[in-house]
Amino acid sequence: MTSVSHPAASTWSEDQPVKVRVPWHQRLQPANLLWLFLAGILVVLIVAPMWTLVVSSFTDAKTGGWTLHNYVEAYGKERHITALTNTLKMGAVVVVLKLAFGVPLAWACTRTDMPGRNFVRYSVFGAFIMPPYLAGVGWILLAGPNTGWINRVWHSLSGSTEPLVNVFSFGGLVLVTAIGGFFLVFVLVSSAFEMINSEMEDAANILGAGPFKTAMKVTFPLVMPAIIGAALLSFLGAIALYGVPALISIPARYPVVVIQLTEFFSFPLRIQVAAAYSIPLLLITAAMLGLQKLILRRKGYVSVSGKGGERRIVKLGRWRWVLFGYCFCVVALSVLMPLFVLLLAAFSNSWTTGFSFSNLTLSNFHYVLFEHSSSQKALVGSIGLGIVAATVAITLALFIAYIVQRKLIPFSGLLAFLAVSPYVVPGIVLAIGFYAAYALPPIALYGTYTIMALAFITRFLPIAFTTSSAGVRSIHPEMEEAVRILGGGRVTALRHVVGPLLKRTLAGGWLLIFVPAAQELSTAIFLVGPTTRVVSVVLLDLSEEGELEKLAALGSLLLIIIVAVVAIGMRYLGRDFMLRRS
Amino acid sequence: MKHAITYVAGLVPAFLLAAGLAGAADMTAGERQLYDAAKKEGSVTWYVSQTTTEFADGMCGLFKAKYAGVGCNVVRASGQVIFQRLVQELQAKAVQGDLMSTNDDGQMLQLKEQGALAQFAPENLKDMVPELRALADKDNYWITSGVSPLVIAYNTKLVTEAEAPKNWTDLADPKWKGQVAIGHPSFSGSVGLWTVLMNDLYGWDFFKNIEKNKPQIGRSVADGHNLVASGERKVALAPLPLILSDSMLKKVPIGVVYPTDGALLPPSATAILKDAPHPNAARLFENFLLGPEIAEYFAKDYRYPLRAGVPLAEGMRPLSSYKTKSIATADGIKKLPEVQEKFRDTFGI
């Protein structure tokens, strides 16, 4: 750098134009170098895999030339189209269910005097920690058509031999998918409810509306943007999930896109066709985002602001128990029941025998801890990847958020756009993009932890960016200006002022990434190698062999570790770290 | 099984060392040479769909006990899934597995034609049961590493021996509505061959009839077995050794029907990859698979031992005592894609 600043030191000349020198100098300022560096990272993480995905969908596997044949192969079969329409149908029903679960619970916990609000909050938090495929296994134990607990109780009560409930059905599929993700609706809508002040509700009350009318006419319309946003994310989450369909939709014979994608990934391997087949998922999500913008643009929602006045809770009278009953049902379906049977199975010789002392055993835990060939390593791998992904994503996001919020350089908005764009890329599609871009030679990252870490970082970068961005926004620039005035650089300001001030926000964001990253399945499924397996994939393999007791034991171990990490985090952050975010 | 587990745990290094020394004493010169080279390579990675994870882990444990200093990693998944993974690696030119064991020898033929396999004739071939040895590749690109006939399993608590199906077509009997489990030919290698066999015997109507019973479709053939063991389903397509060992050793209420129209006998095959990262460890392991330790381990777990002269477990019927059918390797490859496609159309998944 010094050589650039003084290029003319040896051959000094008065004609040396100063103007040329300054831009060079400016371009090489740390901030700009950092921009280039960050942009480079985002290209590696997001642009290159997605670009490779699109390009390979138009590439002939044999000749390497341009072709549309992959699309013909991907959509030329009725079965493949059915999988696509099935996925949309499933996604739509799941959204309805998730809203039906999440919105009333959010309202009850934030705006009413319902009893047991903390109980409900903690339970919803449990739904966040339990990965969807474990909830799926729990429901297989509960509602397997012949030996599921619910059906056995039903058989003994009614004398019937027909199943009362069958998890291997469309209903089972959407229920299990919905309970695996409604916490997101709860979190987003709760924070919107907490922003509304009560003046408008008071007005409605004064004009004679009862509590429910007020809620329907005033409160809910005000949180509509949050609900729409949550619905959108719910849809994206539902159509991209891999674990639950793998467990349920094959026996239920309800083909969906992710299962079809694995068919293209089986022998003969057709990555190009898989790429072509995953393009609609991308288009659908992009269209949904557009739709959301369109809906929200037409109305003003300025009444929802962080500066709201007084917030009063709604007195429900005797309805409060009705509402609690509903909340309890949701919580029981989503957490209490599946978790209970899962733990019971983990400690049982055979889950079908039911509870008895002779059936109790620790052998499943012994097996997965000490005997199974890859579960020990997979536990370390999952936790390690969770830590790496969360740490790198948060660090990267902090830099980007800072640059974007402080508008340090032109085109910083582009960085922001790139950082949140993985939101719209389903995990399994992201994995195919990463596979196409980095697994094969010349880069040849197949079977390494590196490729998985990169994919996980990308997958969770949007959460990291949203968290960091909100944090940076809350810090007034004047404190950093003080640093600059006293002679410190931007990096000093970041390290000694912004970083420490944001510690709690960043740690909260870290946990929000760590939990799903340690459980991630969709992104891992095509990227794991023989020596880089993660717990989610081992669990899926165990489910394939029908070893549900051992699966339950390994799943419980993963849950215990995650809960321990989260508990440490909560001691430091307070229990509400995930429920109060802007 | 437990004895194998003690080896695996390997908590007493001295014991392991002793076992290694004892083994070293009666090693042949060739084995000794492979062992020394394998120790330098450190470990072997074994892709397996032939057995369950638990059983494969046990085999790895025996290997590690005999050849101290050589590690053994099991990567287990269903046949088509393991095969797909390997094809993925071959395409990425990043082969990570050293050898593969499958119940679908058609996969081996395809890999051989691609030039992905290494030629190797292990020393222990000489002691093999001649009929089983004859099932392997003539050019020694793969060995026969087991036979697990596919038969019908039924839950003995829910179904009496008299009620149980007698042959494959009985699975379509309406009395089994909602009570049958089968695997998926696009996930499991042996189910793929079974689908070919049924189509050869009875035409596609066989599957259309079974479909009326709404069978539960699993991914692996072990899944169906476990569904019957737990009582979730009454009858299923399952591998014989799994049924016998669960009913004999774990007292699971599960029984065998040897179908009168012929159990499917898919020879399991094991081959070494040409680009194996640990070529010597792989050769040592393949030879070990045909050795006396594994033969005994097989026999104890109600599998057919590969070595001549090793007695069958009590209660096990010799292969020649019931009807079996096989699919010629080339035939399987030719017919598999079509039946997979038809299966997806009929069962909608």
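Computed from a predicted structure; not experimentally measured.

Right, let's get into the overall build of chain B. Secondary structure summary: chain B contains 14 helices and 13 strands in total. Relative to its length of 349 residues, chain B is compact, with a C-alpha radius of gyration of 20 Å against a globular reference of 20 Å. Per-residue burial for chain B yields a buried fraction of 62% across its 349 residues. Taken as a whole, chain B presents about 12500 Å² of accessible surface, with 55% of it coming from carbon and sulfur. Chain B carries 37 positive and 37 negative side-chain charges, and their two centres are separated by 3 Å.

To continue, consider the confidence of the model for chain A. Residue and element names in this part refer to chain A. Looking at chain A, the pLDDT average stands at 83 and 90% of residues meet or exceed 70. Mean pLDDT across the elements of chain A bottoms out in helix H1 (residues 2-5) (43) and peaks in helix H9 (residues 170-179) (94). Note on residues 1-10: pLDDT is under 50 here. Beyond four places in sequence and across chains, it has 8 contacts. Counted against residues more than four places away or in other chains, residues 302-307, with its pLDDT under 50, gives 6 contacts.

With that out of the way, let us pick up the pattern of salt bridges. Following the criterion strictly, the structure yields 28 salt bridges over all chains and no others. Close ionic contact of Arg 79 of chain A with Glu 263 of chain A constitutes a salt bridge, the shortest N to O distance being 3.5 Å. Remark: Glu 263 of chain A occurs in helix H15 (residues 257-264) and Arg 79 of chain A occurs in helix H5 (residues 78-111); sequence separation between them is 184 residues. An identical accessibility class is assigned to Arg 79 of chain A and Glu 263 of chain A; each is buried. For the salt bridge of Glu 520 of chain A with Arg 459 of chain A, the shortest nitrogen-to-oxygen distance reads 2.7 Å. Here Arg 459 of chain A lies in helix H22 (residues 449-473) and Glu 520 of chain A lies in the loop between helix H25 (503-519) and helix H26 (535-544), a separation of 61 residues in the sequence. The class for Arg 459 of chain A is partly exposed, based on a relative accessible area of 24%. Three or more residues joined by partner-sharing salt bridges are found here, namely Lys 77, Arg 79 and Glu 263 of chain A together with Glu 341, Arg 344 and Asp 345 of chain B.

Time to look at the packing of helix H18 (residues 363-371) of chain A against helix H27 (residues 548-573) of chain A. All names here are of chain A. Two elements in contact, H18 and H27, have axes separated by 8 Å at closest approach and are oriented at 70 degrees. What the angle tells us is that H18 and H27 run roughly perpendicular. Helix-helix and strand crossings are classified by hand; for H18 and H27 the assignment is right-handed. Here Asn 364, Phe 365, Tyr 367, Val 368 and Leu 369 of H18 lie close against H27, whose contacting residues are Glu 549, Lys 550, Ala 553, Leu 554, Ser 556 and Leu 557.

Residue and element names in this part refer to chain B. Within the secondary structure, Asn 199 is located in helix H8 (residues 189-202). When the C-alpha atoms of Asn 199 and Gly 79 are compared, they prove to be 20 Å apart, with 120 residues separating the residues in sequence. Ignoring any residue separated from it by four or fewer positions in sequence, one finds Asn 199 in contact with Trp 204, Phe 207 and Val 339.

All names here are of chain A. At a minimum axis separation of 6 Å, H18 and helix H19 (residues 375-405) run at an interaxial angle of 75 degrees. With respect to H19, the element H18 is oriented roughly perpendicular. When H18 is examined against H19, the residues Val 368, Leu 369 and Phe 370 are found in contact with a partner set consisting of Ser 375, Gln 376 and Leu 379. Class assignment for the residues of the contact of H18 with H19 results in 4 nonpolar, 2 polar and no charged.

If you look at the biggest cluster of nonpolar residues, it comprises 316 residues, and the most contacted ones within it are Trp 46 and Trp 194 of chain B. Discounting residues that sit within four places of it in the chain, Trp 194 of chain B has contacts with Leu 150, Trp 168, Ile 182, Phe 206, Phe 207, Leu 237 and Leu 264 of chain B.

All names here are of chain B. With respect to the helices and strands, Asp 137 occurs in the loop between helix H7 (130-133) and strand E5 (143-147). Given a relative accessible area of 11%, Asp 137 falls into the buried group. If sequence neighbours within four positions are ignored, Asp 137 has contacts with Lys 112 and Trp 142.

Glancing now at the pairing of strand E1 (residues 43-48) of chain B. All names here are of chain B. Within E1, 6 of the 6 residues are buried, which leaves it mostly tucked inside the rest of the structure. Here E1 shows a buried face lined by Ser 43, Thr 45 and Tyr 47 and a second buried face lined by Val 44, Trp 46 and Val 48. Tracing the backbone out of E1, into helix H4 (residues 53-66) and back to the parallel element strand E2 (residues 71-76) gives a crossover that is right-handed. The sheet contact formed by E1 and strand E3 (residues 99-102) spans 3 bridges and is parallel. When the sheet's bridge partners are listed, Tyr 47 is paired in E3 with Met 100.

Residues and elements named next belong to chain A. Positionally, Ser 191 belongs in helix H10 (residues 182-193). The class of Ser 191 is buried, set by a relative accessible area of 13%. At 3.0 Å, the side chain of Ser 191 and the backbone oxygen of Leu 188 are in polar contact.

Contacts between the two partners involve 50 residues from chain B, matched on the other side by 50 residues from chain A. Taking both partners together, chain B and chain A bury about 4300 Å²; carbon and sulfur atoms supply 49% of that area. Contact with chain A buries surface across chain B, with Arg 219, Glu 232 and Ile 349 of chain B losing the most and accounting together for 16% of the total. Between chain B and chain A we count 8 salt bridges in total. With a closest N to O distance of 3.2 Å, Glu 263 of chain A and Arg 344 of chain B form a salt bridge. Inspection of the chain B/chain A interface yields 20 residue pairs in polar contact (both at pLDDT 80 or more). Mapped onto the side of chain B that touches chain A, the elements with two or more residues apiece are helix H1 (2-9), E1, H4, E2, helix H5 (79-91), strand E8 (216-217), helix H10 (221-230) and helix H14 (329-347) of chain B.

Attention now moves to the state of the cysteines. Structurally, a disulfide amounts to a covalent bond that connects the sulfur atoms of two cysteines. Inspection of every chain in the model, using the stated rule, returns 1 disulfide over all chains. Here Cys 60 of chain B is linked by a disulfide to Cys 72 of chain B, with a sulfur-sulfur distance of 1.8 Å. Of note, the bridge from Cys 60 of chain B to Cys 72 of chain B carries an S-S torsion of about -60 degrees and is left-handed in sense. Taken as a pair, Cys 60 of chain B in helix H4 and Cys 72 of chain B in strand E2 lie far apart in primary sequence, 12 residues in all. Of the two residues examined, Cys 60 of chain B and Cys 72 of chain B, each falls in the buried class. As a non-bridged cysteine, Cys 109 of chain A has Cys 327 of chain A as the owner of its nearest cysteine sulfur, 5.9 Å distant. Residue classification places Cys 327 of chain A among the buried positions, given a relative accessible area of 0%.

What counts, and at which threshold
Residues numbered from 1 in each chain as written. Chains lettered and ligands numbered in written order. Predicted model: local features only at pLDDT ≥ 70, side-chain atom pairs only at ≥ 80, totals over all residues. Heavy atoms only, no water. Helix = DSSP H or I, 4+ residues; strand = E, 2+ residues; numbered from the N terminus. Rg over C-alpha atoms; globule rule 2.2 N^0.38 Å. Buried < 20%, exposed > 50% of the residue type's maximum accessible area, 1.4 Å probe, protein only. Areas by Shrake-Rupley, 256 points an atom, 1.4 Å probe, with all protein chains shown as cover. Lys, Arg positive; Asp, Glu negative; His and termini not counted. Charge placed at Lys NZ, Arg CZ, Asp CG, Glu CD. pLDDT = per-residue confidence, 0-100. Contact = heavy atoms within 4.5 Å. Salt bridge = Lys/Arg side-chain N within 4 Å of Asp/Glu carboxyl O. Axes fitted to C-alpha atoms, helices over the stretch in contact; angles between N-to-C directions. Parallel < 35°, antiparallel > 145°, perpendicular 65-115°, else oblique. Left-handed = near helix turned anticlockwise from the far one by under 90°. Nonpolar A, V, L, I, M, F, W, Y, C, P; charged D, E, K, R; others polar. Core = buried A, V, L, I, M, F, W, Y, C linked by side-chain atoms within 4.5 Å. Right-handed = clockwise from strand over helix to strand, strands pointing away. Pairing = 2+ DSSP bridges. Polar contact = N/O pair within 3.5 Å; in protein donor to acceptor, adjacent residues only side chain to side chain. Buried area = accessible area lost by both parts, 1.4 Å probe. Disulfide = S-S within 2.5 Å.

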